[in-house]
Amino acid sequence: MPETSPRGLARLAFGGDYNPEQWPETVWQDDVRLMREAGVTMVSVGIFSWALLEPAPGEYDFGWLDRVLGLLHENGIRVDLGTPTVVPPVWFYRDHPEALPVTAEGVRHEFGSRGAICHSNADYRAAAANITTRLAERYADHPALAMWHVHNEYGVPVSACYCDSCAAHFRRWLATTYGTVDVVNAAWGTAFWGQRYASFEDVNPPRATPTVGNPGQALDYKRFADATMRENFCAERDILHRLAPGVPVTTNFMTALSQCDSVDYWAWGREVDIVTNDHYLITDGRRTHVNLAMAADLTRSVGAGAPWILLEHSTSGINWQPRNPAKAPGQMARNSLAHVARGSEGAMFFQWRQSRRGAEKFHSAMVPHGGTDTRVWREVVELGASLDSLAALRGTRTEADVAVLWDWHSWWAQNLAWRPSEDADARERADAFYEALYDRHLTVDFAHPETDLSAYPLVVAPALYLMTEAAADNLRAYVENGGTLVVSYFSGIVDEHDAVHEGACPGALRDVLGLTVEEFSPLLQGESVRLTGPDGCGLGGDVWTEFVVPRGAETVWTYVDGLAAGHPAVTRHRLGEGAAWYVSTRLGQEGLDALLARAAQDAGIAPRADLPRDVEVVRRSGGTGSYLFAINHTAVDAKVPLETSGTELLTGERAAGRLAVPAGAVRVVRLDG
Ligand code: GLA
Ligand code: ZN
C-alpha cells in the first residue's frame, strides 16, 4: 500500500516548486543554503524538465537531476519529484504533430507554451509512460524521494480536445458506457431536431455547430474528457507504484478555481495517495480569505477529510490576473495557516526563486528578485519557524459543523447553453452560501449528493440542477431521519443526461420539499423583488423567481411584487423527523443569513455571537490532541473565548479564558486535556 503522507517528512511541508534548471549550477549552492535558513522541508522538482531530461528521442541526461537531488538530500530537504509530462519536448511534436490539441472550432494549438496535449493521443501516452518509467527506475530508491508529483494541474489550460483521435476515443467511451447507439439516442434525446445516430461511427465530439448542439452530448463530452485525463494520470501513477512501491503519488488540484471547471475532483480524490492543491487569491473585490477557506474545505472534502497538502500558493502577487496586488504584511502567514487550519499539512509555494526570464517572471517567489534583504524573504523565514512549531498537529483532522452539497457534473450541466437565465450561476450560489456559513463561523465540509450525510445536522444545496434518483433518495432519507436541508432554486431539475425529471419541477425534490414549481420566471438584469416574512422581516431577491405551489410545505416568506407576487418565496417542509427548506429566488447576504438562522435553529446549531466577523476560528483534532486556530483577518485586535486552557504554539505562551489575537495575527492553541 502506498503511504499517505510524504515519505520521510517528519515536519509540516514547507517549500515550493524548485526549478534549478533555470539557473547556473553556482546558484544551487546558494539555494540550499537559503532553504536551510528558511527551514524548507520539501521542494517540488522537475515538473517542466522533459526537454532537459530527454534532449532527443531516447537520449537521456539525468546528470543534472542527480546532482540536484543529491544536494537537496545532503541538506536534509525532501523531494516531491515531478513527472514532466505536462510539456513534451519540441522534438516530440515534430514527430507527432497530431498530439497537439484541437479546439471545437478545429484550430490546432502550436508548441511554445505548456499543456498543449491531446490526452487521447497514443504517441503522447507512450512517450509519457516511457519518461515516467525512466524516472521511476532511476529514482525509486533515492533517499531524498518523498513523493511523486504527476503532470501539473490537469484540466488547464486545455480541458478538452476535439481532434479525430479524440472522436474515435469518445466513440469507444460511449460504447463502453452505453452498450448500443440506441441507448445513446435515448439518453441524449436525439429525436429532437432529428439528431438520431444510426451507428457509433457517426458520433463526433461536440464541435462547432451553427447553433446550440445536443446538451446530452456536450455533458457526456465533459465526462469523457475528464475520464481521459484521469486515465492518463492513473497510467503514470500505476507505473510509479509498480517501480517505487510505497512512495505516495499525487497530482496538484485546483479545487476552487472557477476557471478550472473541467475536472470532477470527487473522482480524482479517490485516485491519488495524497490530495494536494494549488490556491491563488482571486482579487475580484471580494474577501479573498473566504474563497481561500472554501478552497481548503473543498480540497479536504475531496480527500474524504484526510490531511492534504497545499502544494502551491504565492508569497505575494501573482501575474496572470489583469491586476495583481502584492500581499499585505502578514497576509502570507495568515493565508498559509488558514490552509493548515483546514487540513493542510504545510504550506508550499510557486516558486522557490523568482524567474528572470519566461512567462512568470513577475510572479512572486520565496526568494524574490531583490534577494534576502526584502520583506518577502523575512516573512518567509518567519513562516518557516511558525510551521516548525506546529509539527505536532500532523495527522489531525479539521472538525466541520455543516455540509454543503457540490457536484461538478451538475455545474457542467447548468453551464450548458439555453437555460431560463444565464444569471442563474451555480458557482455564484455556492460561493454565496459558503460565505454566509463562514460569517456564522460554521466550518463546512463539502459533500457529493449521493454520500452519507447523517453526521451533519445541517446540509445546504446551493445549486444542484442535475440530480440523480440516488441523490434524491439520499436527501429524502437524510431529512426523514431528522436532518435539516436547505435547497436553493433551480435544483433537482434534470437527471444525469440533462433530461427533465418526469412530472412537475423540481422532479427529484418535489416530495422532499413538499411543493411544485409551475413556471420559472427569471428576472431581467437590474430587476429585483421584495419578500415579506415572519415578524414583518422583509427581504429582497433578484435574478430568479418562480411560481411555487405548496403541496405540504408551509410558506415562510412570500413574494410581494413581481410576476410571482403572492407565491411562496421561501418554504419549510416537515418530513419525517426533519425539515427541508426551499428558497426560490437569489437572496443577498442578509437574506441568506436570515434563512440560515432559521434553518440552524431547526438543526439545533446555536449561533456564535461571541466572535467578530472575519475572525476565523477552526479546530483540528485527532491523535496528538485538539488544536484551535484563531485567524484575525481584521485590522483590530480581537479576543476569542477558549473553552479550555492550552498552550499557544507560535508564541509558546499559556492561554486561558479569552485568547488575545492581535490585528492580522494567527494564534494556534493546543488545548489541554
Ligand atoms: C499554477 C502552476 C504553476 C504556476 C502558478 C502561477 O499553479 O502550477 O506552474 O504557473 O500557477 O500562479
Ligand atoms: Zn485529441
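Model, not experiment: these values are computed from the prediction. (Residues numbered from 1 in each chain as written. Chains lettered and ligands numbered in written order. Predicted model: local features only at pLDDT ≥ 70, side-chain atom pairs only at ≥ 80, totals over all residues. Heavy atoms only, no water.)

Take the nonpolar core next. One finds Leu 72 and Trp 148 to be the most contacted residues of the largest nonpolar core, which totals 181 residues. For Leu 72, the residues in contact, after removing those within four places along its chain, are Tyr 18, Val 32, Met 35, Val 43, Val 45, Ile 77 and Val 79. Among the nonpolar cores identified, the runner-up in size contains 21 residues, and Cys 118, Trp 173, Tyr 178 and Tyr 197 belong to it. (Core = buried A, V, L, I, M, F, W, Y, C linked by side-chain atoms within 4.5 Å. Buried < 20%, exposed > 50% of the residue type's maximum accessible area, 1.4 Å probe, protein only. Contact = heavy atoms within 4.5 Å.)

On to the sheet that holds strand β10 (residues 397-398), then. Strand order in the open sheet made by the six strands is β10-β23-β24-β29-β26-β27, with antiparallel pairing throughout. At either end of the open sheet lies a strand with only one pairing partner, and these are β10 and β27 (654-655). Judged from the two bridges that link them, β10 and strand β23 (residues 615-622) form a sheet pairing that is antiparallel. Paired with Thr 398 across the two strands is Arg 620, which belongs to β23. In this fold helix α11 (residues 331-341) packs onto β10, β23, β24 (625-632) and β29 (666-671), with an angle of close to 145 degrees to the strand it touches most, β24. (Pairing = 2+ DSSP bridges. Helix = DSSP H or I, 4+ residues; strand = E, 2+ residues; numbered from the N terminus. Axes fitted to C-alpha atoms, helices over the stretch in contact; angles between N-to-C directions.)

Turning to the packing of helix α1 (residues 25-38) against helix α12 (residues 375-388), a few remarks are in order. Contact geometry for α1 and α12: axes closest at 8 Å, N-to-C directions at 55 degrees. In terms of their interaxial angle, α1 and α12 are classed as oblique. Contacts from Leu 34, Glu 37 and Ala 38 of α1 reach α12 at Trp 377, Val 380, Val 381 and Gly 384. Grouping the constituent residues of the contact of α1 with α12 by class yields five nonpolar, one polar and one charged. (Parallel < 35°, antiparallel > 145°, perpendicular 65-115°, else oblique. Nonpolar A, V, L, I, M, F, W, Y, C, P; charged D, E, K, R; others polar.)

All right, on to the site of ligand 1 then. Ligand 1 sits among Phe 48, Arg 114, Asn 152, Glu 153, Asp 278, Tyr 280, Glu 312, Trp 320, Phe 350, Glu 360 and His 363. Within the contact set of ligand 1, an oxygen atom lies 2.8 Å away from a side-chain nitrogen or oxygen of Arg 114. Here His 363 contributes a side-chain N or O atom positioned 2.8 Å from an oxygen atom of ligand 1. Taken by itself ligand 1 offers 310 Å² of open surface, and the protein chains cover 97% of this. Within the shell around ligand 1, the residues separate by chemical class into four nonpolar, two polar and five charged. (Near = heavy atom within 4 Å. Polar contact = N/O pair within 3.5 Å; in protein donor to acceptor, adjacent residues only side chain to side chain. Areas by Shrake-Rupley, 256 points an atom, 1.4 Å probe, with all protein chains shown as cover.)

The UniProt entry lists residues 17-389 under the feature "domain: Glycoside hydrolase family 42 N-terminal" (unreviewed entry), expressed in the numbering used here. Between the first and last C-alpha atoms of residues 17-389 the distance is 23 Å; the span itself is 40% helix and 10% strand. (UniProt positions renumbered as here; feature names shortened; annotations may be inferred.)

A separate point is the environment of Ala 392. Within the secondary structure, Ala 392 sits in the loop between α12 and β10. Residue classification places Ala 392 among the partly exposed positions, given a relative accessible area of 32%. Linking Ala 392 and Pro 57, residues 335 residues apart in sequence, is a C-alpha distance of 47 Å. Discounting residues that sit within four places of it in the chain, Ala 392 has contacts with Thr 624, Tyr 627 and Arg 670.

Attention now moves to the packing of aromatic side chains. A full pass over the atoms with the stated rule returns 34 aromatic pairs. On the numbers, 6.0 Å between centres and 80 degrees between planes, the contact of Trp 352 with Trp 377 is edge-to-face. You can see Trp 352 sitting in the loop between β9 (344-349) and α12 and its partner Trp 377 sitting in helix α12, a full 25 residues away along the chain. The interplanar angle of 80 degrees and the centroid separation of 6.2 Å between the aromatic rings of Trp 406 and Trp 408 together place this pair among those described as edge-to-face. You can call Trp 406 buried: its relative accessible area is 5%. Ring pairing ties together the aromatic residues Tyr 162, Phe 170, Trp 173, Trp 188, Tyr 197, Tyr 221 and Phe 224, which thus form one cluster. The ring of Trp 23 carries the charged tip of Arg 353 above its face, separated from the ring centre by 5.6 Å. (Phe/Tyr/Trp six-rings, centres within 6.5 Å; stacked < 30°, edge-to-face > 60°. Lys NZ or Arg CZ within 6 Å of the ring centre and 35° of its normal.)

Right, let's talk about helix α7 (residues 181-188) for a bit. By the burial criterion, the buried members of α7 are Val 181, Val 184, Asn 185, Ala 187 and Trp 188. For α7, the arc enclosing every buried residue in end-on projection is 165 degrees, short of the 170-degree limit, so these residues lie on one face. Elements that come into contact with the buried residues of α7 comprise α6 (164-178) and α8 (215-243). Positioned one or two residues after α7, Gly 189 has a phi angle of 65 degrees, which is positive. (Arc of directions from axis to C-beta.)

A word on the coordination of the zinc ion (ligand 2). Protein-derived coordination of the zinc ion (ligand 2) comes from Cys 118 (SG), Cys 161 (SG), Cys 163 (SG) and Cys 166 (SG), at a distance range of 2.2 to 2.3 Å. Metal-centred angles of 100 to 118 degrees between the four donor atoms at the zinc ion (ligand 2) mark the site as tetrahedral. Between consecutive donors of the zinc ion (ligand 2), the numbers of intervening residues give the motif C-x42-C-x1-C-x2-C. The residues Cys 161 and Cys 163 share a single accessibility class, namely buried. (Donors = N, O, S within 2.8 Å, 3.2 Å for Na, K, Ca; no water. Tetrahedral: all angles 85-135°; square planar, octahedral: opposite > 155°, others 65-115°.)

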